[in-house]
Every structure is written in C-alpha cells, then in structure tokens.
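Listed below, chain by chain, are the residues.
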Amino acid sequence: MSQNPTQLPAWLALAEHQKTIANTHMRDLFRADAERYDKFNSSAAGISLDYSKNRITGETVEKLLNLADAMQLPKAIGEMFNGQVINKTENRPALHIALRNRSNREIRVEGENITDAVNASLAKMKDFTARVHSGEFAGFTGKKLRTIVNIGIGGSFLGPKVVSDALKPYWNDGYQLAYIANVDGTDFAETIKGLDVETTLFIVASKSFSTLETLKNAQAARAWFLAQGGRADQVKHHFVAVSTNVPAATAFGIEEANMFPMWDWVGGRYSLWSAIGLAQMIVLGAQTFEALLQGAHDMDEHFRTAPMAQNLPVILGMLGVWYQNFFGAESHAVLSYDEYLQDLPNHLQQVDMESNGKCVTREGEPVTYQTGSVIWGGTGTNGQHAYHQLIHQGTRLIPADYIMPMTSHNKLADHHEWLFANYLGQQQAMLEGKTEAEVLAELLAKGMDAERAAWLAPHKVIPGNRPCNSITFDLGTPEVIGALIALYEHKIFVQGVIWDINSFDQWGVELGKILGESVFSAIETGKTDGLDSSTASLIAAFRAKNQA
Ligand SMILES: O=P(O)(O)OC[C@H]1O[C@](O)(CO)[C@@H](O)[C@@H]1O
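Note that the structure is a prediction, hence the values are computed from the model and not measured. Think of each chain on its own: its residues are numbered from 1, step by step along the sequence as written. Given that this is a predicted model, residues contribute local features only at a pLDDT of at least 70 and side-chain atom pairs are listed and counted only at 80 or more, while totals for whole chains, interfaces and linings are drawn from all residues. Side-chain metrics in this entry use all non-hydrogen atoms of the structure; hydrogen atoms and water are not considered.

This part is about the overall build of the protein chain. Secondary structure assignment for the protein chain yields 21 helices and 13 strands. Based on C-alpha atoms, the radius of gyration is set beside the globule rule, defined as 2.2 Å times the residue count to the power 0.38. In terms of overall dimensions, the protein chain is globule-like: its C-alpha atoms have a radius of gyration of 26 Å, near the 24 Å expected for 548 residues. Only protein chains enter the accessibility calculation, which uses a 1.4 Å probe; a residue is then buried when its area is under 20% of its type maximum, exposed when over 50%, and partly exposed in between. For the protein chain, buried positions account for 52% of its 548 residues. Pairs of residues are marked as contacts when any of their non-hydrogen atoms sit within 4.5 Å. Summarising the internal contacts of the protein chain: among those between residues at least 6 apart in sequence, 75% fall at separations of at least 24. Per-residue and other accessible areas follow the Shrake-Rupley method at a 1.4 Å probe size, with only the shown protein chains counted as cover for residues. Summing over all exposed atoms, the protein chain offers an accessible surface of approximately 23700 Å²; the carbon and sulfur share of this is 53%. Taking the average location of the 45 positive side-chain charges in the protein chain and that of its 60 negative ones, the two points are 3 Å from each other. The numbering of helices and of strands both runs from the N terminus, where a helix is a DSSP run of H or I of at least 4 residues and a strand a run of E of at least 2. His is not counted here, nor are the chain ends, while Lys and Arg score as positive and Asp and Glu score as negative. Every charge is mapped onto a representative atom, which is NZ of Lys, CZ of Arg, CG of Asp or CD of Glu.

Dropping the structure here:
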C-alpha cells in the first residue's frame, strides 16, 4: 500500500497553516523581522541559497520538514545512496551518485562494487581523451581530431550540452563541439555544414543504442563520412559509442575498443556524469571533467549527511511542494542570470518533468494530488523583456529560482553590476510589488490630474508577494556547475518521495515512440484504415507533398 501524503497529519497541518500564510504579505514579514535573511539561508558545495523571499515563516519550514519526515525522506535518501532497487518498475537502483563517487565509498549492485567499474570507465575515457589530444587516435588521413560531434538525444544531449556550455571558459584551445539530436534533417544539415571530414569525431551517445533519432542521425553521419571520401573500414577512426548495447554498436561498425560503457542503474537524464560526457571531457580536458564530478559529489555528500533544515535539495524540494500542492502553483521558473547557463532550463525540464510527471504512486495507485510541475525559464535580462510581465502581474503564482554567479568570467565595463542590479531588482519587484497608494502618489507627484490617476492606478499596481529563491555562487567553475546540477537532481528526488512516485522511470514517453512507428509505416504504404480521420487525412496530405 502506498502512503497517501494528503492523509498524513503533517499534510493536514500544512493545509491549515497555509490559510494563515495566504493572507500574509512577504513585505510585512520582512518588515517585522530584520533577521529574516539570516534565518532562511543555507549554503553547501559553493552554492548559497537565500530562501527568505518565500511565503513562509519558521513554522512553515518546521511543518514542511515534518511532512518530509512523515514520508520517510531520510530513509529514502539512504536507500538511493545504498543502491537499493528504488526504480521498482524497471527493477533497478538509481545510482547516478555512483558516477561521481569521488571518495570511493563502496556501493554494491548485485554483489559487485560498482565503484570499480565506474573508475575503470573514467580511466578509459581519460586514456581516450589523451590519445585524441596527442593525435595517437587520429582521423583516417592521420590528422588530429578537432571537431567532436555528439549524436544523442534527451539525457544523451541536454545534460552534456549544459555542461559544455556552462564551462566554455575552460575549453581546450582548438576544439569545436557540436550536437545533433533531433530527427529533423535541418538539425543534421546545419550542424554538418562546413565540417572537415578528416578532423571530425562522431560520438554516438545512446544508452540503449536503439533510439530512433540517434540511430537515424548516426546513419546519416556515416553516409556523410563515406560520401566525403572515408572508407567503410575507416569508420572506426571517426566513430565511437557510449552505450549499454554492445551488439548494436558493433553492428553499426564501431570497434569494441572504442565503446564506452553505461549501466542500467543510470537513468538517461542523470547520465551526463558517465561516459555520456566523453565529448565534454575531450573538449574540457580530464581535469576539468573530474572537477565537475567532485562538485557533484560534494553536493551528494551534503544531501546525504546534512540535517534536513540545512539541506539545500530538501529545502528547495519542500518549497516546491509548498507552492504546487498548497498554493495551486502549476509551474516553476528557472531564471539564470548567467549566459553560460542558458540551457539549464532545458536540461531541468527533462530531468524534472520526465522524472516527476507521474500520475500513479510507486504502487501504481492513482495519485489524488498534483505531482511534477511545469519547468520553464530562460536567461536574465532577456526574460525581463518577455515573460516577466506575466510573472509580476499575471493571474498565476509562478515561484522562481534566480541563479547568478557573483563574479563573471567576462568582466566588461559595468555589465556585471547591471546584471546583478537587474537580478535583484526583479526579485524585489516579486517580493514588494507596488501598492495602489504608492502608484497614486507617484502619478499625482508627476502632476497627473486626480481622475486620470485614479483610473490609471490599478493598471500599474504590482501585487508582489510572489516567491523566489536567490541561488548564487562565486564563479561558474566546474565544481560549482557540478554541484548546481546535482542540487536540482536531488531536489527532484525529494519531491518524488513526498509525492510517493517513481522518479526514475519514463513510461509516458514510450507510447508516442511506438505510435510514431506505425504512422511511419502508414506514410510508406498509404494504408490508413482504422485510423482516426485527422491522422488519416494528414498522412494523405503529407504523402501528396512528399511522393514524386
Ligand atoms: O540514451 P538513449 O537510450 O538513446 O535515450 C535517450 C533518451 O530517451 C528517453 O528514454 C526518453 O526520451 C530519455 O530518458 C533518454 O535520455
């Protein structure tokens, strides 16, 4: 039997408590307590979290932690870290933490200490990286491989891309890195344009080696390689694979020596720390990649050992539950004031929405409450000239994480000061807003006549009282980026535990894949009997345009 969280006394206490908070404005909470910032602040692994600008009091935090306790969060954390089979529908543990287990703690899966296998894979990645750098592993004409093209999708693309973008200041000189993910010929065509076949290395990154998009793009890359003058027996100089599926990668023409392992106990969306990160290691260098792992490990250790009240993933996760389940919020914005982190919302969309977009409990019973939130976002200040209007004056409550490094890799005039000023200005607007009295006084002071001012004022009122977290760090170093991504991974886990769902399977994406295959065969044969009229008509229209 599942434990329905909504029936727990801890949940009911929160629901009661919410009624008092619902009528409290955060600006009053700040005015009443000069130490509010100090009270709702925590940091770990180079990341500081100021969560004072939330609709909470000390009592709220206590009650949220009671709920975490009642849902046995500490036990669940222990189970994940100890390698228990927590992904029950796929009958496997979820051990991305083992991929960055820098202290070499023993973690056993079916009796085997997987830390050894992880270290061996890392050693193989490092050796390969060194051989690419030195030119020992070279292209078919003997030239050094300088352009790395990662072919993969979902977790074999989004996480790796966040890492390589975030760590651009650390790239080795002379390397290019490109990604091909979509089964849209445009993605392939635009990426391949102008590449030099002699110096291009394709990494086929696919845990399953059966993902349609990746296989189609890998085949297209192989065809391109042959059309550009490469021979079939030279494919091995330009293609390597990261996969659990050795036979499929072998059938593609990749030598077993050039295959890098993956394991069933790593979910695709949590795999950037594994050999799925090979392209990043080549471009960044092994030392930087290991620093990324170290940062994630530091956050893991914090999550595993820190008391709940100071535990960053626990705090972030429980605040999310507070708004999604007790205030009816539907989405959560990730607003990064760091150009290097522009893809973070995309990555978190996959990690969060594929993990917690579930409507049954771990035991398969329908949930009676909201689970995963809609994750969206972008970079500041661009977002301020777009969706911030809705954040400030729309009808929906959208909690937001504002993320920013205190110092910049690219110091330019007073840009960073302005960026930080905007970072804080937006949060102030969310917190304080602007009352009707303030708006009126301003308009009248500007000389507007009283009737026009009274009419205009409601349009300019900003309600405020909209919650946000300030997440800061000194500089986007490899360690910090590792810790930041791990922080969100664990936040998602915390929420999955509270909602009693399995955050590590993804059955919802399977049906569309299967239906895509049957539509494909209908496109080829023209047989649409039994299909709904919309699908059948659109197939007919597509065939009419695409068949000679
Ligand atoms: O690495 P693979 O096996 O090609 O899978 C790619 C992605 O497909 C999914 O299974 C579903 O979209 C993701 O979980 C995964 O990251």
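What follows is about empty space enclosed by the protein. Where empty space is left becomes clear once a probe the size of a water molecule has been rolled over the atoms. Here a cavity denotes a set of grid points, spaced 1 Å apart and computed over the protein atoms alone, in which a 1.4 Å probe fits but from which it cannot get out, and a pocket denotes an open set meeting protein on both sides within 12 Å along at least five of seven lines; residues with an atom within 4 Å of a point are reported as lining. Grid points are joined across faces, edges and corners, and a volume is the space filled by probe spheres set on the points. Across all of its chains, the model carries 5 cavities of 30 Å³ or more by this definition. Within this model, the largest cavity holds a volume of roughly 70 Å³. Around the largest cavity, the lining residues are Tyr51, Val61, Leu64, Leu65, Ile315, Met318 and Leu319. Every element with two or more residues in the lining of the largest cavity is listed here: α4 (58-70) and α13 (312-326). Three categories are distinguished: nonpolar for Ala, Val, Leu, Ile, Met, Phe, Trp, Tyr, Cys and Pro, charged for Asp, Glu, Lys and Arg, and polar for the others, with Gly belonging to the last. Considered class by class, the residues forming the lining of the largest cavity number 7 nonpolar, no polar and no charged.

Turning to the packing of helix α1 (residues 9-22) against α4, a few remarks are in order. Whenever a helix is involved, its axis is fitted only over the stretch in contact; in every case the axis is a line through C-alpha atoms, and angles between N-to-C directions fall within 0 to 180 degrees. Between α1 and α4, whose axes approach to 9 Å, the crossing angle comes to 160 degrees. As judged from the angle between their axes, α1 and α4 are roughly antiparallel. Here α1 and α4 pass one another in a crossing that is left-handed. Listed contacts from α4 to Ala10, Trp11, Ala13, Leu14, His17 and Ile21 of α1 are Glu59, Thr60, Lys63, Leu64, Asn66, Leu67 and Ala70. In terms of residue class, the contact of α1 with α4 is made up of 8 nonpolar, 3 polar and 2 charged. An angle below 35 degrees is read as roughly parallel, one above 145 as roughly antiparallel, one from 65 to 115 as roughly perpendicular, and any other as oblique. By convention, the crossing between two helices is left-handed when the near helix turns anticlockwise from the far helix through less than a right angle, and right-handed when the turn is clockwise.

In this structure, Thr381 follows Gly380 across a cis peptide bond, with omega equal to 5 degrees. Mapped onto the elements of the fold, Thr381 is located in the loop between β11 (374-379) and α15 (388-393). Phi is positive for Ala413, which is not a glycine, with a value near 40 degrees. Structurally, Ala413 is set in the loop between β12 (400-405) and α16 (415-432). Even without being a glycine, Asn465 presents a positive backbone phi close to 60 degrees.

Salt bridge criterion: a side-chain nitrogen from Lys or Arg within 4 Å of a carboxyl oxygen from Asp or Glu. One pass over the structure, following the stated rule, counts 26 salt bridges. The salt bridge involving Glu489 is made with Arg100; its shortest N-O contact spans 2.8 Å. Of this pair, Glu489 sits in helix α19 (residues 478-498) while Arg100 sits in the loop between α5 (73-81) and β3 (108-109), and the two are 389 residues apart along the sequence. Here Glu190 makes a salt bridge to Lys193, at a shortest N to O gap of 2.9 Å. Since its relative accessible area comes to 55%, Lys193 is described here as exposed.

The next point concerns the side chain of Ser243. With respect to the secondary-structure elements, Ser243 resides in strand β8 (residues 239-243). As used in this structure description, the phrase polar contact means that two N or O atoms lie within 3.5 Å; if the pair is within protein, one of them must be able to donate a hydrogen and the other to accept it, and residues adjacent in sequence are counted only when both atoms belong to side chains. At 2.8 Å, the side chain of Ser243 forms a polar contact with the backbone oxygen of Ser206. Those residues within four positions of Ser243 in sequence are excluded, and the remaining contacts are Ser206, Lys207, Ser208, Phe209, Phe260, Pro261 and Met262.

The positions UniProt marks with the feature "active site" (unreviewed entry) are Glu354, His385 and Lys513. An extended arrangement is adopted by the annotated residues: their sequence extent is 160 residues, and the largest C-alpha distance between any two is 36.8 Å. Those annotated residues lining the largest pocket are, specifically, Glu354 and Lys513. Counting through the fold element by element, Glu354 comes out in helix α14 (residues 344-356). For Glu354, a relative accessible area of 22% corresponds to the partly exposed category. Those residues in contact with Glu354, other than ones at most four positions away along the chain, are Arg269, Gln349, Asp505, Gln506 and Val509. In this fold, Lys513 is placed in helix α20 (residues 510-525). We classify Lys513 as partly exposed; its relative accessible area is 45%. UniProt positions are given in the numbering used here, feature names are shortened, and annotations may be inferred rather than shown by experiment.

Another aspect to go through is helix α6 (residues 114-134). In a regular helix each residue adds 1.5 Å, so 21 residues correspond to 30 Å; α6 covers 30 Å between its end C-alpha atoms and thus fits that length. For α6, the complete set of buried residues consists of Ile114, Thr115, Val118, Ser121, Leu122, Met125, Phe128, Thr129 and Val132. Projected onto a plane normal to the axis of α6, the buried residues spread over an arc of 155 degrees and lie on a single side. With its phi angle positive at about 95 degrees, Gly135 sits one or two positions after the end of α6. Residue count minus one, scaled by 1.5 Å, sets the expected span of a helix. Along the arc lie the directions from the helix axis toward the C-beta atoms.

For the ligand, the set of nearby residues contains 13 residues, the closest of which are Gly155, Ser206, Ser208, Thr211 and Glu354. Within the contact set of the ligand, an oxygen atom lies 2.8 Å away from a side-chain nitrogen or oxygen of Ser156. Take Lys207: an N or O atom from its main chain is 2.8 Å from an oxygen atom of the ligand. Here the ligand has 400 Å² of accessible area as a free molecule, and 86% of this is covered by the chains. Counted by class, the shell around the ligand contains 2 nonpolar, 8 polar and 3 charged residues. Residues are counted as near a molecule or strand when any one of their heavy atoms sits within 4 Å of it.

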